[in-house]
Amino acid sequence: MKTTTKVFHWAPRILGLLMTLFIGMFALDSFDPQLTLWQQITGFLIHLVPAYIVLATVVIGWKWDLAGCYIYYTLAILYGIWAQQHLLWILGISGPLFLLGTLFLISSYLKKRERQLT
């Protein structure tokens, strides 16, 4: 595998894991001293659902680049629709999701081209 192909193979996977951590950080706002421990844990797990979705997309994209690409594009569009009143939110969440989708697309293209050349 060429160096460029390796970079585009690993970049979306590593950045996808970092995106999972970034989105997971938002779940920390579920902790409130006025709530019981059980309510805090339940709220935390529910707030982690978007991170679970991004992580599942990384896992799928790990095996199938194009599937990861399409799922990330879909997530970016859906979040953009959901948060349409908040442009900065869209740029902060949908932008990186769209970038991850594009990296998976490039990775798929480079691998396919490399297979055709050999």
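Residues numbered from 1 in each chain as written. Predicted model: local features only at pLDDT ≥ 70, side-chain atom pairs only at ≥ 80, totals over all residues. Heavy atoms only, no water.

What to know about the confidence of the model for the protein chain
The share of residues in the protein chain with pLDDT of 70 or more is 100%, and the mean pLDDT across the chain is 91. Within the protein chain, no element has a lower average pLDDT than helix α2 (residues 37-47), which sits at 89, and none a higher one than helix α4 (residues 65-82), at 95. (pLDDT = per-residue confidence, 0-100. Helix = DSSP H or I, 4+ residues; strand = E, 2+ residues; numbered from the N terminus.)

Focus: the pattern of salt bridges
Applying the stated rule across the entire model yields 2 salt bridges. Here R13 makes a salt bridge to D65, at a shortest N to O gap of 2.6 Å. Of this pair, R13 sits in helix α1 (residues 3-25) while D65 is found in helix α4, placing the two residues 52 residues apart along the sequence. Residue R13 is classed as buried on the basis of its relative accessible area, which comes to 0%. (Salt bridge = Lys/Arg side-chain N within 4 Å of Asp/Glu carboxyl O. Buried < 20%, exposed > 50% of the residue type's maximum accessible area, 1.4 Å probe, protein only.)

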